[in-house]
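Coordinate analysis (summary)
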Amino acid sequence: MKKIINIVLVFIVFFFAQSCSEQKWLEEDPPHLITTETLYTSLSGFEAGLNGLYALVRGEREGRDGTTENLRADIAMLGTDNIVPNQRGGIGFIALTWNTRNVSTDSNLSSIFLWLYQIINAANTIINQAENRTDIDWNGAPGTEETNRTRVIAEAKALRAWAYRHLTFCWGDVPLSLEESTGSNIKTDWTRTSVAEIRNQMKADWLFAEQYLEVEPPVRGKISKGAVQHYLSELYLTTGKPDSALIWADKCINTPNYELVTQRYGVRAGQPGVTFMDMFYEGNVNREEGNTEALWVWQWEYNVVGGGGDGGSIMRRYHNATNQHVQIMVNGVVPLKHTVERGGIGIGREQPTKWAIDLYETQDERGSNYAIRKYYILKTAAENAPAPADNLPPGYKYGDTLKLSWENDLTGLGNGVVNNYPFIRKYDTMTPDVNALRGSYNDQPYLRLAETYLLKAEAQLRLGNTAGAAETVNIVRRRAKASEISASDVTIDFILDERSRELIGEEHRRYTLLRTGKWLERVKAHNFRGGQTAVARDTLYPIPQLVIDANLTEKMPQNPGFN
């Protein structure tokens, strides 16, 4: 069984804990009640709190929250130049019809907004308790009491800044909260803090965290020093300081432990495939499994307490055919069997645009059928084992090719799902004994060194070093067997294209386009399934109305262009 973080979601109800202390029937140290006072007395208690914090963070990819159709990762990936909805639902509603659905009353937006502040409050509680209490036993792990304490604070601050990264890119000015929420400090007069001030706080959090986090976290799933260096590089690019961005990108890139994967390795090394995809296969994803490129890997495990599962938010589904979500059908026959190699059903809630699929050179491994599913080969029982043979449509034989179609752009705003369109295979897996489940239970790379290289190239471009930027991009392209470029090829649009080739389905594409001022331009140019409804106001989402209504004693202004 995997060595994963034992996710124990600790729900600390602050107002309840506060009021309970005043009840005469309650003992001074109740053994059955977990509160901040009883939990945060030892290092093990703080580890439990951190595990709960990581569980909240991991909710970005765990899909639905039980109250909305929301798939949280969509807010940062969907409705861009390279990813469009293939079905109405959640943020997909907005990305299909920006002009009518990007509104303050949308429940998906409010759900994400509140989820991010849950993360911030959980982080604040850990930070405040660790910094201010003097009765904590910090023993129980290698290192001194002080190193254990600062490492706990560093993790919480790194994840708090991570949450504010989402908030500032999505909503701009938002309330800045640095104190844990208790029953005695409930506020109804929040004000919106400027993006500049919040990003200064993010910088301070990440600079602190970078000092005390480890290059190789001892527990899978925890954020690394390299991930924080990466985020600092991106932050400095966002705030117009490419010289600082270059420094932090180089700090990460020049760490000996972090290297691009440039050779086949691991569980499928002896099978047909490409180097680029090896790091995405279960058994290869984590650093100790050979993935030297990983800066942060998120953990899942099927049928294990705390194991969770990616809820299907990234480009594919795993459940059986239904009336709404049909499998590929040829001449009245559903030919394909579900196998580990093929993944689940051949459709996705989010699909690449035709522009994104056509962006690759023929020899570029990142655009191969191993990376983007463009066709299937009909297989015998022996080839599909342990699954049975594929069903043969009339006129087909084993070994024949079923080609997916992307001759035309995905267009239109209807409910129809296109099921014979190419889809991204970075998360193309299934669990054979739970075929009907939607989720993926494989570990996933969340942040990779290749993206840090592309941040470095962007910094070099902005500093006027186009020759250096070309060489940095070529380091990434050589691994994929793409042709090399020269200094004259390097523009911000070329780097954005290269980011799509390398990171489609991984990067927070909307944020990349927003920070480079390219979102609206490129959505209009390449997105024909909702992009044409977007206007300038849609570079932000509206502050949720329920947040405005709850701020009873201070009027909270709405973003421009929204009611």
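A few points on the structure. (Residues numbered from 1 in each chain as written. Predicted model: local features only at pLDDT ≥ 70, side-chain atom pairs only at ≥ 80, totals over all residues. Heavy atoms only, no water.)

1. Side note on the overall build of the chain
Helix and strand counts for the chain stand at 20 helices and 8 strands. A buried classification covers 60% of the 563 residues belonging to the chain. Accessible area of the chain: about 22,000 Å², with a carbon and sulfur share of 52%. (Helix = DSSP H or I, 4+ residues; strand = E, 2+ residues; numbered from the N terminus. Buried < 20%, exposed > 50% of the residue type's maximum accessible area, 1.4 Å probe, protein only. Areas by Shrake-Rupley, 256 points an atom, 1.4 Å probe, with all protein chains shown as cover.)

2. Structural notes on helix α17 (residues 492-503)
With 12 residues, α17 should reach 16 Å at 1.5 Å per residue; the first-to-last C-alpha distance of 16 Å fits that figure. Where burial is concerned, most of α17 is hidden: 11 out of the 12 residues are buried. Taken together, the buried positions of α17 are occupied by Ile492, Phe494, Ile495, Leu496, Asp497, Glu498, Arg499, Ser500, Arg501, Glu502 and Leu503. Two residues or fewer past α17, Gly505 is found with a positive phi of approximately 85°. (Expected span 1.5 Å × (residues − 1).)

3. Description of the pattern of salt bridges
Counted by the stated rule, this structure contains 47 salt bridges. Residue Lys222 pairs with Glu155 through a salt bridge whose shortest N-O separation is 2.9 Å. Residue Lys222 is located in the loop between α9 (195-212) and α10 (225-238), and its partner Glu155 is located in helix α8 (residues 145-171); the two are separated by 67 residues in the primary sequence. Assessed through its relative accessible area of 2%, Glu155 is described here as buried. Two residues, Arg501 and Glu498, come together in a salt bridge whose shortest N-O distance is 2.9 Å. (Salt bridge = Lys/Arg side-chain N within 4 Å of Asp/Glu carboxyl O.)

4. Some remarks on the environment of Thr105
Mapped onto the elements of the fold, Thr105 is located in the loop between α6 (98-101) and α7 (107-132). As for Thr105 and Ile543, which are separated by 438 residues in sequence, their C-alpha atoms are 9.0 Å apart.

5. Things to note about the packing of helix α11 (residues 242-253) against helix α15 (residues 449-462)
Pairs of packed helices are described in terms of their axes, by the angle between the two and the distance that separates them. Two elements in contact, α11 and α15, have axes separated by 9 Å at closest approach and are oriented at 150°. Between α11 and α15, the angle is such that the two are roughly antiparallel. Note that α11 runs across α15; the crossing there is left-handed. Listed contacts from α15 to Pro242, Ala245, Leu246, Ala249, Asp250, Cys252 and Ile253 of α11 are Leu449, Thr452, Tyr453, Lys456, Ala459, Gln460 and Arg462. Class assignment for the residues of the contact of α11 with α15 results in 9 nonpolar, 2 polar and 3 charged. (Axes fitted to C-alpha atoms, helices over the stretch in contact; angles between N-to-C directions. Parallel < 35°, antiparallel > 145°, perpendicular 65-115°, else oblique. Left-handed = near helix turned anticlockwise from the far one by under 90°. Contact = heavy atoms within 4.5 Å. Nonpolar A, V, L, I, M, F, W, Y, C, P; charged D, E, K, R; others polar.)

6. Remarks on α15
Relative to the 20 Å expected for 14 residues at 1.5 Å per residue, α15 spans 20 Å between its end C-alpha atoms, a close match to the ideal helical length. Of all the 14 residues making up α15, 13 are buried; the element is thus mostly covered by neighbouring parts of the structure. Looking at the residues trailing α15, positive phi occurs at Gly464, about 90°.

7. As for unusual backbone geometry
In this structure, Pro386 follows Ala385 across a cis peptide bond, with omega equal to 10°. For Pro386, the location among the structural elements is in the loop between α14 (381-384) and β6 (401-403). Phi at Asn331 is positive, roughly 50°, even though this residue is not glycine. Positive phi values are uncommon outside glycine, yet Lys481 reaches one of about 65°.

8. Structural notes on the nonpolar core
Judged by nonpolar contacts, the single largest core of 112 residues is most densely connected at Ile75, Trp162, Trp171, Ile223 and Trp296. With 14 residues, the single largest contributor to this core is α8. Excluding its chain neighbours within four sequence positions, the residues that come into contact with Trp162 are Val57, Glu60, Trp115, Leu116, Ile119, Trp206, Tyr231, Trp296, Trp298 and Tyr446. Judged by nonpolar contacts, the second largest core, of 9 residues, contains Val261, Tyr265, Phe280 and Ala371. (Core = buried A, V, L, I, M, F, W, Y, C linked by side-chain atoms within 4.5 Å.)

Just distances and angles here, no functional claims.
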